[in-house]
Structures are given as C-alpha cells and as structure tokens.
Amino acid sequence: VINTIAKLAKTCTLRLTVSKLYFILSDKVANGGVSMWCELCQGNFFDEFQMEGVAAEHNEIYLELVPENLSRALKTAQSAKTVKIKLTNKHCPCLRVAVELPSLSSSSRMVTHDIPVGVIPRRLWNDFREPSVPDFDVSIYLPVLKTMKSVVERMKNLSNSIVIEANLSGEMNLKIETDLVSVTTHFKDLGNPPWASEDGCQSSAQGRDLESMAEARIDIKKLQQLLAGQQVNPTKALCNIVSKRIVHFILLHEDVSLQYFIPALA
C-alpha cells in the first residue's frame, strides 16, 4: 500500500484513529488538484494497536510525512519477525520503525529507522476531510489495469492529455486527439456498478441514455502515475465520470480502499 502511495504523492497526510489509518493527499487546484483518500482498517494490519489522540473527544492524530521514506523503512521489514511503528519525539517528531530480523544466534537483530514527520495542529484538521463524491454522469468498471496501463503508456508519447469516455452500456474509450494523430482504444462489456438502484444515490446517471458517452479530458501523466503505482491488483476497480469536470477512480482490495480524483482540463 505504501509503495503505491509513494508513487502517487511526494508528501501526504497520515491520519490515525482508533480503528483506521488514512493516507490523504489534497493537492490545491493550482498544482493540478489531484486528491487521494486511502483507507485501511488497523485490525487487518496490526496485532497490537494503541493510540492516544489530542483529547478524548478528538482522539485522532494527523501527521505529514514523505511516503517514500516510510516505504524504504518497510522494505527492510520483509523478512522480519516483528515490526513496531511508534510516534516518538527525538529532536523532532519521528515515526520510529523498529524491525526485528531473524538471526542465526539466539539474540535477535534490531534495525531502527526514524522518519521525520510534521504534526498537523487541530485547527487544520478540517482541510483533510474525505472528499465528497460528485454527482457522476457515468460509473463503469475498469478493464484489467495492466492492459489499461500499457495502452496509456503508449499514448503518453503522443499527447499530454487523454480523453476518457464511457456510457451505461459497459463501453469505455481512451482517446488521444492532436493536430497530427487521432487514436482511440475501445473497451466493451465492462459492466456498470449498480449504484443508483442500491443506495438510492441520486446520480445524474439516472434517466440517462444508455448509449450516450460522458467524457473528461485529463492529464495523461496523472493517469499513468495511478496505473503505474498499482502494486496489488485490486479486486474491484471502477471510475465515475462527471462530464468535463472530474474523473473519480475507486480501487478496492480486500482490506484497502483507494480513491483518486483527477480534475478535467479546460
């Protein structure tokens, strides 16, 4: 999970609550406005988990960190007997990753990494709320991500932007249009998630002509980053398109959910 996030964000926010961990990226619109919301249940990852937030009614901790640093520290833990992650204050706030490695003698080998973090004050917490899912025009399951990745990698040499369009009949197209070339890759029979009927979610997809396409033009590098960063093949991957405004990707794995929002280019 952290390797994936390290490919998507240079810095991100780690939000700790009693039951969950969240990795959050909310880029300002000026930087391309990409945002990410990744949610993990701590029970699926830790045998023991103790945390104390700022106060009883605000039992949370928000930290700013460089995910690449955490990713490097955890690489040493792949054959570990135990891994402990602890928030300490050593000259500055740090996440200490203590890794116990197997050893041939009776004594164990310990490797410790101290990763500097910034503690985000309570008054700024509201900047890191879950992004609201916009009223989408079309929601569709994505094709196999490896296939989509190789298509996007080829197209990236032709243009800086890509048009994603899809309809409610399970069809999706990836299009590049420049003065010199026009390339379209068609996917069909992908299926559409049953959102509208399930939770009464009043999306603008209701009452929409099944064949008509909703489309958004997005930065091709941002899409490639998302596809290249996938270390685990999600059990479900889908995207919601708000015409000419935003493409919202949702990748679900057994115990992780990752949402990624790419705004449309004008």
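Read on for an overview of the structure. (Residues numbered from 1 in each chain as written. Predicted model: local features only at pLDDT ≥ 70, side-chain atom pairs only at ≥ 80, totals over all residues. Heavy atoms only, no water.)

## Considerations on the packing of aromatic side chains
What the rule picks out here adds up to 4 aromatic pairs. A ring pair is formed by Tyr-62 and Phe-128, whose centres lie 6.2 Å apart and whose planes are at 40°; its orientation type is tilted. Separated by 66 residues along the polypeptide, Tyr-62 in strand 4 (residues 61-65) and Phe-128 in the loop between strand 8 (118-119) and strand 9 (138-141) bring together distant segments of the chain. Assigned by exposure class, Tyr-62 and Phe-128 land together as buried. Three or more aromatic residues joined by ring pairs form one cluster here, namely Tyr-62, Trp-125 and Phe-128. (Phe/Tyr/Trp six-rings, centres within 6.5 Å; stacked < 30°, edge-to-face > 60°. Helix = DSSP H or I, 4+ residues; strand = E, 2+ residues; numbered from the N terminus. Buried < 20%, exposed > 50% of the residue type's maximum accessible area, 1.4 Å probe, protein only.)

## Examining the pairing of strand 14 (residues 236-242)
Note on strand geometry: in a regular strand, side chains alternate between the two faces of the sheet. By the criterion of burial, strand 14 is predominantly enclosed, with 6 of the 7 residues buried. Pairing of strand 9 with strand 14, which is carried by 4 bridges, proceeds in the antiparallel orientation. Following the sheet pairing, Ser-139 is matched in strand 14 by Asn-240. Where strand 14 lies against strand 15 (residues 246-253), 7 bridges are found, and the strand directions are antiparallel. The residue of strand 15 that forms the bridge with Ile-241 is Val-247. Remark: 3 residues form the turn of the hairpin made by strand 14 and strand 15, two consecutive strands paired antiparallel; Lys-244 in that turn has positive phi of roughly 60°. (Pairing = 2+ DSSP bridges.)

None of this, on its own, says anything about what the molecule does.
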